Amino acid sequence: MVIDHITRAVIYYHLHPGIEIALRYIQTTDFSKLENGQYEIAGEQVFAIVQSYDTKDPSAEKLEAHKKYIDVQYVVSGQEKMGHALLKAQIPSREYQPDNDFMLFDEAPDFFSLITEGMFTIFYPSDLHMPCILHQAPSQVKKVVVKVGVDFIGDDL
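Here is a short report on the structure shown in this document. (Residues numbered from 1 in each chain as written. Predicted model: local features only at pLDDT ≥ 70, side-chain atom pairs only at ≥ 80, totals over all residues. Heavy atoms only, no water.)

With respect to the secondary-structure elements, Y69 resides in strand β5 (residues 69-77). For Y69, a relative accessible area of 13% corresponds to the buried category. Here the alpha-carbon distance between Y69 and Y96, two residues 27 residues apart in the chain, equals 13 Å. Once you skip the residues sitting within four places of it in the chain, Y69 turns out to touch E44, Q45, F47, D101, P125, K147, V148, G149 and V150. Reaching out from Y69, the side chain makes a polar contact with the backbone oxygen of E44 at a distance of 2.7 Å. (Helix = DSSP H or I, 4+ residues; strand = E, 2+ residues; numbered from the N terminus. Buried < 20%, exposed > 50% of the residue type's maximum accessible area, 1.4 Å probe, protein only. Contact = heavy atoms within 4.5 Å. Polar contact = N/O pair within 3.5 Å; in protein donor to acceptor, adjacent residues only side chain to side chain.)

With that out of the way, let us pick up the sheet that holds strand β10 (residues 119-123). Read across the open sheet, the six strands follow the order β1-β10-β5-β12-β3-β2; overall the sheet is antiparallel. The open sheet has two free edges, formed respectively by β1 (2-5) and β2 (37-42), since each of these has just one partner strand. Averaged over all adjacent pairs, the angle separating strand axes in this sheet is 20 degrees, with direction ignored. Sheet analysis places β5 next to β10, joined by four bridges and oriented antiparallel. Across the sheet, the residue bridging to Q73 is T121, located in β10. (Pairing = 2+ DSSP bridges. Axes fitted to C-alpha atoms, helices over the stretch in contact; angles between N-to-C directions.)

Approximately 200 Å³ is the volume found for the largest pocket. What lines the largest pocket is a set of 14 residues, and nearest its centre among them are Q51, E64, H66, D71 and K147. Of all the elements in the fold, those that place two or more residues in the lining of the largest pocket are β3 (46-54), β5, β11 (127-133) and β12 (140-149). Sort the elements by how many residues they give to the lining of the largest pocket and β12 lands first, with three residues. Looking at the lining of the largest pocket residue by residue, the class counts come to five nonpolar, four polar and five charged. (1 Å grid on protein atoms, 1.4 Å probe; cavity = no way out; pocket = protein on both sides within 12 Å on 5 of 7 lines; lining within 4 Å. Points joined across faces, edges and corners; volume = space filled by probe spheres on them. Nonpolar A, V, L, I, M, F, W, Y, C, P; charged D, E, K, R; others polar.)

This part is about unusual backbone geometry. Apart from glycine, the bulk of residues carry a negative phi angle, and the bulk of peptide bonds sit in the trans form. Although it is not a glycine, D101 adopts a positive phi angle of roughly 50 degrees. Considering the arrangement of structural elements, one finds D101 in the loop between β7 (94-97) and β8 (102-105). Its relative accessible area of 3% is what places D101 among the buried residues. Phi is positive for C132, close to 70 degrees, though the residue is something other than glycine. Examined against the element boundaries, C132 turns out to sit in strand β11.

Evaluated as defined, the whole model comprises six salt bridges. A salt bridge links D71 to K147; the nearest nitrogen and oxygen atoms lie 2.6 Å apart. On the criterion of sequence distance, the pair formed by D71 in strand β5 and K147 in strand β12 is long-range, its members being 76 residues apart. K147 carries the same exposure label as D71, and that label is buried. (Salt bridge = Lys/Arg side-chain N within 4 Å of Asp/Glu carboxyl O.)

What follows concerns helix α1 (residues 17-28). Compared with an ideal rise of 1.5 Å per residue, which puts 12 residues at 16 Å, α1 spans 17 Å between its outermost C-alpha atoms and is within 8% of the ideal. Looking at the buried positions of α1, the neighbouring elements they touch are β2, β3, β5, β10 and β12. (Expected span 1.5 Å × (residues − 1).)

See the structure below:
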C-alpha cells in the first residue's frame, strides 16, 4: 500500500509498469473536463473510472479487496478517509466475484488515513481497503480509480 501526493508520483514509477502508466495518466489529465465514467488507457489492462459521490459513514461499509487489479486511487477534489488492513487469513463475507474483481470483508480496518485533494493511494491485492468514508461530515468527492492489471507487463501498448 502506498499513500502520497501526486507531486511525488515519480518515486513510485518503478513499482510496476502499469502503475507508472496510471500515475502519468493522473498527472497529465484534466479531470475537470471528464464526466463520470470509464476511460480506456491500455485496454482491459489499465483503465480509469472517474466518479463523484458523497462520503459515507463507516458503520455501513466493508473492507474490499481485488485479485486481478491493483487500485491507484486519486482524489481530484474533496477529501475522504480510507480504512486499511492487510489481507491475511480473513474469510470474505462476500465471496470473490471474478466478473467485477471484488470481494468484501466484515473486519474493521486496522487504521484510517485522511486522503485530501491531490493525494493518491495504491492498493495491491494484499491490501484491504475501505474508501469513500466521511472525515467529520459527509462531503462531495471527485475521484479517479485507475485499475492496473496485476499481470500487465507493459508490452500490451
